[in-house]
2 protein chains.
Amino acid sequence: MKRLSIPAPMRRYLPILEWGGEYNRDTFSNDLVAAVIVMIMLIPQSLAYALLAGLPPEMGLYASILPLMAYALFGTSRALAVGPVAVVSLMTAAVIGSMVLPGSAEYAAAAIVLAFMSGLILLVMGLFRLGFLANFLSHPVISGFMTAAIVLIGTSQAKHLFGISAHGHELITLVKTLALNIGKTNLITLAIGLSAIGFLYWARKGMKPTLQAAGVGPKLAGILAKTGPVIVVASTTFVTWAFGLADHGVAIVGRLPSGLPPFTIPGFDPEIWGNLFVAALLISIIGFVESVSVAQTLAARKRQRIIPDQELVGLGAANIAAAISGGFPVTGGLSRSVVNYDSGAQTPAAGAMTAIGILFAAMYLTPLLFFLPKATLAAIIVVAVLSLLDFSMLRKTWAYSKPDFIAVVVTIAVTLGFGVKIGVTAGVLLSIALHLYKTSRPHIAEVGRVPGTEHFRNVLRHRVETTPTILTIRIDESLYFANARYLEDYILARVVGDDALRHVVLMCSAVNEIDMSALESFETIMHRLEVLGIKLHMSEVKGPVTDRLKRTDFLRSLTGQVFLSQYQAIEALEAD
Amino acid sequence: MKRLSIPAPMRRYLPILEWGGEYNRDTFSNDLVAAVIVMIMLIPQSLAYALLAGLPPEMGLYASILPLMAYALFGTSRALAVGPVAVVSLMTAAVIGSMVLPGSAEYAAAAIVLAFMSGLILLVMGLFRLGFLANFLSHPVISGFMTAAIVLIGTSQAKHLFGISAHGHELITLVKTLALNIGKTNLITLAIGLSAIGFLYWARKGMKPTLQAAGVGPKLAGILAKTGPVIVVASTTFVTWAFGLADHGVAIVGRLPSGLPPFTIPGFDPEIWGNLFVAALLISIIGFVESVSVAQTLAARKRQRIIPDQELVGLGAANIAAAISGGFPVTGGLSRSVVNYDSGAQTPAAGAMTAIGILFAAMYLTPLLFFLPKATLAAIIVVAVLSLLDFSMLRKTWAYSKPDFIAVVVTIAVTLGFGVKIGVTAGVLLSIALHLYKTSRPHIAEVGRVPGTEHFRNVLRHRVETTPTILTIRIDESLYFANARYLEDYILARVVGDDALRHVVLMCSAVNEIDMSALESFETIMHRLEVLGIKLHMSEVKGPVTDRLKRTDFLRSLTGQVFLSQYQAIEALEAD
């Protein structure tokens, strides 16, 4: 397959045509090793995240087959491992759980609709290149949201670890219902859960060195260390079966269907679609942001590129594939993708091979999972998400930027207090509001000339020379509607009463844009100054800004002049 | 009264203490002349705007008494004439008309609540210095909104001019119901309306020259020319009475109560308050923006200042005064204030004197208005608002800024199509969205050195020197969450495949801010470049930005250096 013969649009929308041409035996064997390792991670995780989403465990497996193949066709990242992830599963549970009864047939149907809508949204964003919308999730908001989501996930799993019932999608209800039932704790379940957590933590840190010390080669030791969850699943299932613990109140997964994923058709109830739309949008954007950030970091390590708008197409296709094969919303997982990359995955084909492995699991392994305790899955979730818990954003924003700090704190608090949907929405709106507020009060400095130079500096910070007839104001912000009147007020307040003044110079070196509102404010300022016998000048106006101003009457009607440099302005006006 | 003896907070909140001390016989006689002229304008206008708001005419008079006195106490503008105005009256009608039946007792009660809430909102904004919120109404949005509102006002008055019935608060319903009933036109009513319009137009343009030609002095001629509406009111009332036109289907004002304004207590129904809140907020902000812009322009002519936050207090007090004396929402009127200023008003006392005049009218003149045709009031409204109609913003924004043009067009279209409340909301949200979109794709230029100088310019626009090992990128925008990832993508796309590259310099001369998201993007960029063996440098970082960066680990962990000037950067890196 020759690259040049493929038309560019096809290459964009089907990246497989790009890397498929380079595929050979080496790439295949590398991909295969990575695929096996990721599969070992993914089987227990996919069951666990289905549980977190409030869905039957087999839906986790289904969400890990066709979606991976769809991403292999349309995705641009060579390392991203797609599938169910914790935060998206939590959001699925929160959104659907507030609409229909968990465990009902409508619940699973709604999850399928959610995946389908999310897929459509991602696809539309990809085709219309709307990926920039994701930028409005600021880093502090994402970080705050993730922190709170992890706390919610951890708390929501406590019921499985204690073997009690609890409900709620925000912290207070969760903790309250847990506290009410804590007396009914099943101690055998708790013992299974805690030992699973203990083993998984040890597997993460201590297993590889222990194996190496026992003479296992470093590479094999690394691979075996990834099998922690599988070992936990196998051993707790065995113990539960061997000792008949299900009869002692240990909740187990029970009978899972064996076979190919079902073909599902998402329902088209307008009311459900309406109710799910905002949630689907948020899940899409959060999934995309997380995914693209991992993909980009991994791609950069090999001087490769991912194309964010095409990633939207890839993830959109994956979610639609999930919806038509009995799955639920998926995206690129952080830890799984890193493992995939570290294990040597070279192309998206690794994902397709992982999918084939999971397919075999869905067809033949499910009977073995009958006695798998739910507490084991909860333990896998807790260990997976707690490693992502990171409060450093609080410290960093506190030191660096108070508005960003406020955004983090509010996002965490609202997410914990009112759930994921309101939390992330509040975070986004607040960060936009804070940004607008900041830029609505731009930094404005009165400047004077540093003696003997052509430099002009803030009169409050430096010893500079000024002339009583000239006022020079440097504006350190683009001028637009939110700050245009602020400038009007500032200048008017400054000039009234200063009877010596004859010239006001606006130094625009930091003004990247002047919108229509700001232009009208300039005219207002000019007319008001004119009445007072003061001329308005401008200096150091940027090229693109000047180009636009030339298309208006403003420069022609300007009472003063436009100077290329502030130094020329002062030279000319002092001589005046 | 000595100025120095008054504590500053009292002087801020009671500006009367400021100007009261300077009051003397000259100021008094100037204020009195202006007060009489404004009163002559205001009596017919206040009746007309009450009609526009769907309220009994006497409420217009009530809204022109106590509110003016309240503003005289708390306002800072010496020329602003407060009272009912067209756009606020239209908004009142639109908001209340969609909730309760026009003409009912609940309707008037809701108008009083609206005035009270609007007063409270303005007061709170003033006390907490939230006047900056008004800045989010961009000039294009205000202009588009006003244009559409004037079209709606004009159309809504057509029913009175034709003597037919029509209803609706958006253009399509209004025009449709007018068209349905046009066959029922009362020709006498139409004749009265059209001749009133004709006379009022002539009075505006032709009356003063005609009087002067007849030997009247220019000052008196100017004053008499302002009496056009009063003449129209008196003559059409007389004709209607003399010829018994009310019996021929001419709608008349009818019996108005005589006496002092009633003392009213706004209702406190939580449901009504909830329904009216957004409307009250919009009315407050639009009223404030219009008012403060007139006040500032007039103040500037005399080197006086108004204090926007105190204006909020003044207008808030005026609206609360309206609410407790049977009025409806008021604000500063454009044309009336200009007349007040031109007639020589020197202090807010002129407003209080106008109020006393209106009080006498409410007590003794109302019986004379029994036969006043509603068509006359409609004519007064139409002539007053059509003179404000201005489509120039469409042309100006088309030439200057397409996003602003889109904002104008959408605001006009949505206001006409869906009414004032949705129209102005859509305009505000759209202009914020467009601003965020613009700044989310900042202008980024690759720059090189202009040969033989220390200047650096865009490689695409100028013949400049570059070095293959160094890439210098100038970012022409503050960096924040909405554009941080854009920069990541841009740099990554640029450097992948450029194997000669060893240094990337970010030239930050136009970067006024770097928020937490952008800082994290810098770190991401730095780490990705590091993997590729490329160092990240910065140049020309502004003082305040550097100060903030120093509070983080970023500068310490930077793989490259921070250079004061781009020239120093190139000198050092070329030698490297």
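We now turn to the structure provided with this report. Quick caveat: nothing in here was measured; it's all calculated off a predicted structure.

Time to look at the overall build of chain A. Each helix and strand counted, chain A has 26 helices and eight strands in total. For the C-alpha atoms alone, the extent of chain A along its principal axes is close to 100 × 65 × 60 Å. A buried classification covers 56% of the 576 residues belonging to chain A. Counting contacts in chain A only where the partners sit at least 6 residues apart, residues at least 24 apart contribute 79% of the total. For chain A, the exposed surface amounts to about 23,200 Å²; the carbon and sulfur share of it is 65%. A distance of 10 Å separates the average location of the 43 positive side-chain charges in chain A from that of its 36 negative side-chain charges.

Residues and elements named next belong to chain A. According to the stated counting rule, one finds 26 aromatic pairs over all chains in the structure shown. Where Phe199 meets Trp202, the ring centres are 5.8 Å apart and the plane angle is 45°; that geometry is what we call tilted. Of this pair, Phe199 and Trp202 both sit in helix α10 (residues 187-205), three residues apart, which is roughly one turn of that helix. Judged by centre distance (5.0 Å) and plane angle (65°), the ring pair of Phe370 and Phe371 falls under edge-to-face. Here Phe370 falls in the partly exposed class, since its relative accessible area comes to 31%.

A few words now on the sheet that holds strand β6 (residues 503-507) of chain B. All names here are of chain B. Strand order in the open sheet made by the six strands is β4-β3-β5-β6-β7-β8, with mixed pairing throughout. A single partner strand is all that each edge strand has here, and the edge strands are β4 (456-458) and β8 (562-563). Judged from the three bridges that link them, strand β3 (residues 444-449) and β4 form a sheet pairing that is antiparallel. Following the sheet pairing, Gly448 is matched in β4 by Arg457. Those strands touched by helix α22 (residues 481-495) are β3, β5 (470-475) and β6, and its axis lies near 155° from that of β5.

Note: interface size is frequently given as the accessible area lost on complex formation between the parts. In this assembly, 71 residues from chain A lie in contact with 71 residues from chain B. Interface area, chain A with chain B, both sides summed: about 6,600 Å², of which 54% is carbon and sulfur. It is Arg303, Tyr400 and Arg485 of chain A in chain A that bury the most area against chain B; as a group they hold 14% of the surface buried on that side. For the interface between chain A and chain B, the tally reads six salt bridges. Our enumeration of links across chain A and chain B arrives at 34 residue pairs in polar contact (both at pLDDT 80 or more). Sorting the residues of the side of chain A that touches chain B by element identifies α8 (139-162), α14 (270-301), α19 (392-400), α21 (420-440), α22 (481-495), α23 (516-531) and α24 (543-549) of chain A as the ones contributing at least two each. Looking at the side of chain A that touches chain B element by element, the count peaks at eight residues for α23 of chain A. Of the residues in the side of chain A that touches chain B, the class split is 29 nonpolar, 17 polar and 25 charged.

Glancing now at the sheet that holds strand β7 (residues 535-539) of chain A. Residue and element names in this part refer to chain A. Read across the open sheet, the six strands follow the order β4-β3-β5-β6-β7-β8; overall the sheet is mixed. Two strands in the sheet have a free side with no partner beyond their single neighbour: β4 (456-458) and β8 (562-563). Direction of pairing for strand β5 (residues 470-475) relative to strand β6 (residues 503-507): parallel, over a ladder of five bridges. Paired with Leu471 across the strands is Val504, a residue of β6.

Bringing the relation of the copies chain A and chain B into the picture now. Overlay of chain A on chain B (RMSD 0.1 Å): rotation 180°, translation along the axis 0.0 Å. What the rotation and shift describe, once combined, is the action of a two-fold rotation axis. When C-alpha distances to the rotation axis are compared across chain A, the minimum falls at Ala510 of chain A, with a value of 2.6 Å. When the interface residues of chain A are mapped onto chain B, 100% of them again lie at the interface, so the same face is used by both copies.

Before going further, it helps to examine the nonpolar core. In terms of nonpolar packing, the biggest core is built from 303 residues, with Ile514 of chain A together with Ile514 of chain B touching the most fellow members. Broken down by element, the residue count for this core peaks at 15 residues, all from helix α14 (residues 270-301) of chain B. Those residues within four positions of Ile514 of chain B in sequence are excluded, and the remaining contacts are Tyr400 of chain A together with Leu479, Leu519, Phe522, Met538, Val545, Arg548 and Leu549 of chain B.

We now examine the packing of helix α20 (residues 402-418) of chain B against helix α21 (residues 420-440) of chain B. Residues and elements named next belong to chain B. With their axes 8 Å apart at the nearest point, α20 and α21 run at an angle of 160° to one another. Here α20 lies roughly antiparallel to α21, going by the angle between them. Where α20 crosses over α21, the handedness of that crossing is right-handed. Along the contact surface, α20 presents Pro403, Ile406, Ala407, Val410, Thr411, Val414, Thr415 and Phe418, while α21 presents Val420, Ile422, Gly423, Val424, Ala426, Gly427, Leu430, Leu434 and Lys438.

Calculation notes
- Within each chain, residues carry numbers counting from 1 in the order of the written sequence.
- Chain letters start at A and ligand numbers start at 1, both assigned in the order the entries are written.
- This being a predicted model, a pLDDT of at least 70 is required before a residue's local features are given, and a value of 80 or more before pairs of side-chain atoms are given or counted; all residues contribute to the totals for chains, interfaces and linings.
- Side-chain descriptors were evaluated using all non-hydrogen atoms of the structure, hydrogens and water having been removed beforehand.
- Strands here are runs of E lasting at least two residues and helices are runs of H or I lasting at least four, both read from the DSSP assignment and numbered beginning at the N terminus.
- Partly exposed residues are those whose accessible area sits between 20% and 50% of the maximum for their type, while under 20% is buried and over 50% is exposed, using a 1.4 Å probe and protein chains only.
- We call two residues contacting when some pair of their heavy atoms lies within 4.5 Å.
- Each accessible area is a Shrake-Rupley estimate made with a 1.4 Å probe; only the visible protein chains count as cover when residues are assessed.
- Counted charges follow a simple rule, with Lys and Arg positive, Asp and Glu negative, and His plus the chain ends left uncounted.
- We put the charge of a Lys on NZ, of an Arg on CZ, of an Asp on CG and of a Glu on CD.
- The aromatic pairing rule takes the rings of Phe, Tyr and Trp, using the six-membered ring of Trp, and pairs them if the centres are within 6.5 Å, calling planes under 30 degrees apart stacked, those over 60 edge-to-face and the rest tilted.
- Here a strand pair is declared whenever DSSP counts at least two bridges between the two strands.
- Where helices are involved, their axes are fitted lines through C-alpha atoms of the stretch in contact, as for all axes, and angles between N-to-C directions lie from 0 to 180°.
- By buried area we mean the combined loss of accessible area, with a 1.4 Å probe, across both parts when two parts are placed together.
- The rule for a salt bridge is simple: a side-chain nitrogen of Lys or Arg has to be within 4 Å of a carboxyl oxygen of Asp or Glu.
- Two N or O atoms form a polar contact when they lie within 3.5 Å of each other; inside protein one atom must be a possible hydrogen donor and the other a possible acceptor, and for residues adjacent in sequence the pair counts only when both atoms belong to side chains.
- Amino acid classes used here: Ala, Val, Leu, Ile, Met, Phe, Trp, Tyr, Cys and Pro are nonpolar; Asp, Glu, Lys and Arg are charged; the rest, including Gly, are polar.
- Copies overlap after least-squares fitting; the atoms used are the C-alpha atoms of residues with pLDDT of at least 70 in both.
- Put simply, a nonpolar core is a bunch of buried Ala, Val, Leu, Ile, Met, Phe, Trp, Tyr and Cys residues held in one set by side-chain atoms that sit within 4.5 Å of each other.
- Should an angle lie under 35 degrees it is considered roughly parallel, over 145 roughly antiparallel, and from 65 to 115 roughly perpendicular; all remaining angles are considered oblique.
- Two helices cross in a left-handed way if the nearer one is turned anticlockwise from the farther one by less than a right angle. They cross in a right-handed way if the turn is clockwise.

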